Amino acid sequence: MDQKTDNGWWYYYSQSSLEAADRARVTDVLADEYAPADLAVAHDSTPTYSGTDETHLILIESAVPGGN
């Protein structure tokens, strides 16, 4: 995952539509991905959709168009 940020923190938010097991998996993957870096990853409980403090990644679960 190649991400750029302007500070030492990288924030993500999982909308409530994402199932608990999926939210836990995202947390584990992000912790493993950034463990060797100086970048700190944190879950944002109140996401910001624009501006200088915007949340870097917002995860939602939805139907795939054309899927069965």
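As a reminder, the structure under discussion sits directly above these lines.
Anyway, here's the lowdown on the structure attached to this text.

Cut-offs and rules
Every chain begins its residue count from 1, and numbering advances along the sequence as written. Residue-level local features of this predicted model are given only where pLDDT is at least 70; pairs of side-chain atoms are given and counted only at 80 or more, and the full residue set underlies all totals for whole chains, interfaces and linings. Water and hydrogen atoms were dropped before computing side-chain values, which therefore reflect all heavy atoms in the structure. Whether two strands pair depends on DSSP finding at least two bridges between them. Secondary structure elements are defined from DSSP: runs of H or I of at least 4 residues count as helices, runs of E of at least 2 residues count as strands, and each element is numbered from the N terminus. For helices, the axis comes from a line fit to the C-alpha atoms of the stretch in contact; other axes are also lines fit to C-alpha atoms, and the angle between any two N-to-C directions lies between 0 and 180 degrees. Two residues form a contact once any of their heavy atoms are found within 4.5 Å. Only buried residues count toward a nonpolar core. Its members are Ala, Val, Leu, Ile, Met, Phe, Trp, Tyr and Cys residues joined through side-chain atoms within 4.5 Å. Only protein chains enter the calculation, and the probe is 1.4 Å; a residue is then buried if its accessible area is under 20% of its type maximum, exposed if over 50%, and partly exposed in between. Positive charges come from Lys and Arg, negative ones from Asp and Glu, while His and the chain ends are left out of the count. Take a side-chain nitrogen of Lys or Arg and a carboxyl oxygen of Asp or Glu: if they are within 4 Å of each other, that pair is a salt bridge. Contacts described as polar in this section are N or O atom pairs within 3.5 Å, which, within protein, must combine one atom able to donate a hydrogen with one able to accept it, while residues neighboring in sequence count only if both atoms come from side chains.

On the basis of which strands lie adjacent, the open sheet formed by three strands has the order E2-E1-E3 and parallel pairing. The open sheet is flanked by strand E2 (40–43) and strand E3 (57–59), the only strands paired with a single partner. Geometrically, the sheet is characterised by an average inter-axis angle of 20 degrees between neighbouring strands, direction not taken into account. Here strand E1 (residues 9–14) runs beside E3; their pairing, made up of three bridges, is parallel. Note that in E3 the partner of Ser14 across the bridge is Leu59. Sheet strands in contact with helix H1 (residues 20–34) are E1, E2 and E3, and its direction is about 165 degrees off that of E1.

Take the nonpolar core next. By size, the foremost hydrophobic cluster in this structure holds eight residues: Trp10, Tyr12, Leu18, Val26, Leu30, Tyr34, Leu39 and Leu59. Looking at this core, the elements that each hand over two or more residues are E1 and H1. Here this core gets three residues from one element, more than from any other, and that element is H1. Sequence-distant contacts of Leu18, defined by excluding residues within four places in its chain, comprise Arg23, Val26, Leu59, Ile60 and Glu61.

Before going further, it helps to examine the environment of Ala40. Following the sequence through the fold, Ala40 ends up in strand E2. By relative accessible area, which is 23% here, Ala40 ends up partly exposed. The spatial distance from the C-alpha of Ala40 to the C-alpha of Leu30 is 9.9 Å, given a sequence separation of ten residues.

With that settled, consider the side chain of Asp44. One can find Asp44 in the loop between E2 and E3. Buried charge Asp44 goes without a salt bridge, the closest partner of opposite sign being Arg23 at 14 Å. Separated by 3.3 Å, the side chain of Asp44 and the backbone nitrogen of Thr46 make a polar contact. One polar contact links Asp44 to Thr55, side chain to side chain, over a distance of 2.8 Å. Those residues in contact with Asp44, other than ones at most four positions away along the chain, are Tyr11, Tyr12, Tyr13 and Thr55.

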